[in-house]
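# Working through the structure, step by step
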Amino acid sequence: MPPRTTTTARQRRLGYELRKLRQRAGLSATEAGKQLGLDQSRISNIEAARFGISADRVRTFAYNYGCADSSYIDALAAMTTSRRKDWWDEYASTLPSGLLDLAETEHHASAIETAQTTHLPGLLQTVDYARSVFRQSIPSLPPPQVEFRVSHRIKRQDLLYRDAPVPYRAVIHEAALRMQFGGAAVTREQLAHILDMSEREHITILVIPFTAGAFPGAGQSVLYAHGPVPQLDTVQLDSEHGSLFLEAEGQLEKYRTFMREFESVAVDDHASRSIIRHVMESL
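Residues numbered from 1 in each chain as written. Predicted model: local features only at pLDDT ≥ 70, side-chain atom pairs only at ≥ 80, totals over all residues. Heavy atoms only, no water.

### Examining the nonpolar core
Counting residues in hydrophobic clusters, the biggest one holds 31 residues, and the most contacted among them are I112, L120, L124, L160, Y168, L177 and I276. When residues of this core are traced back to their parent elements, those giving at least two are α7 (127-134), β2 (168-173), α9 (174-178), α10 (184-198), β3 (203-208), β4 (222-226) and α12 (269-282). Per-element tally for this core: the top contributor is α10, with 5 residues. With near-sequence residues (within four places) excluded, L120 lies in contact with Q125, Y129, I172, A176, L177, Q190, L191 and I194. Judged by nonpolar contacts, the second largest core, of 24 residues, contains L27, I46, C67 and V229. (Core = buried A, V, L, I, M, F, W, Y, C linked by side-chain atoms within 4.5 Å. Buried < 20%, exposed > 50% of the residue type's maximum accessible area, 1.4 Å probe, protein only. Helix = DSSP H or I, 4+ residues; strand = E, 2+ residues; numbered from the N terminus. Contact = heavy atoms within 4.5 Å.)

### Here we look at the side chain of T105
With respect to the secondary-structure elements, T105 resides in helix α6 (residues 97-108). When near neighbours in sequence (up to four residues on either side) are disregarded, T105 contacts A9, A225, T234 and F245.

### Examining the environment of L206
Assignment of secondary structure puts L206 in strand β3. On the basis of relative accessibility, which here comes to 8%, the residue L206 falls in the buried class. Considering only alpha carbons, one finds L206 and I43, 163 residues apart in sequence, at a separation of 45 Å. Leave out the neighbours within four places in its chain, and L206 touches R169, A170, V171, I172, E263, A266, V267, D268, D269 and S272.

### Quick word on α6
Given a rise of 1.5 Å per residue, 12 residues ought to cover 16 Å, and the 17 Å separating the end C-alpha atoms of α6 matches this to within 8%. Burial runs high along α6: 9 of the 12 residues are buried. Of all the residues in α6, the buried ones are G98, L99, L100, D101, L102, A103, E104, T105 and E106. (Expected span 1.5 Å × (residues − 1).)

Here is the structure:
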């Protein structure tokens, strides 16, 4: 396969997992290459996602590295399938790569969870709310960039409407419900949309009321994308410098615990809808 000029989040994740398997087996790239009949540079290039790899070869790598987890191996092999251009590729020349990676990660997720304290979840935002959020960026984004980001955010939401929608669970602090991005009218419309979405069978929205007080992880915003197997889960964090993606086992376990703790202080879905409705009616 010829060298790649660009790589996707999925391709990079496959390379990362193959490197992890090799290192867990205690093999250097040179030693692994000797076992597999490849030179060290080929191993390094595959792990860096600069070269592609077939499903059969992924299985060969896993066998030589002593991996016996068939579900994990099957999931890795499935990641080798050639990818056609998808909708987020339309934004490759206009948006940061982290936003494209986020869309790709969500697209392949088996379930998505999010925890939000100051902003409402991107997958639940209305056009006007999203536009107001992006207008608060520092440095300020030029109007075309704002519109590109709004369009990208709304297209990400298609996974909640498709024939087999991804299961989605959002835990939102009451503070985020009361932040009036775009003013009272925009916020009222936004909260009405969240109430409507919360009635869908595959969507769960839970609220942490102000009365919950302090709790572990307060202040963080997290998106947790479940993979086909737990080893392939992904955590995405927002920062002023862009998206940060976490994939290491220790990091994933930390954020699994974080999501459980975050949800433990939320009220149930019925009480959550009552809080959302109360905030909406108070605007």
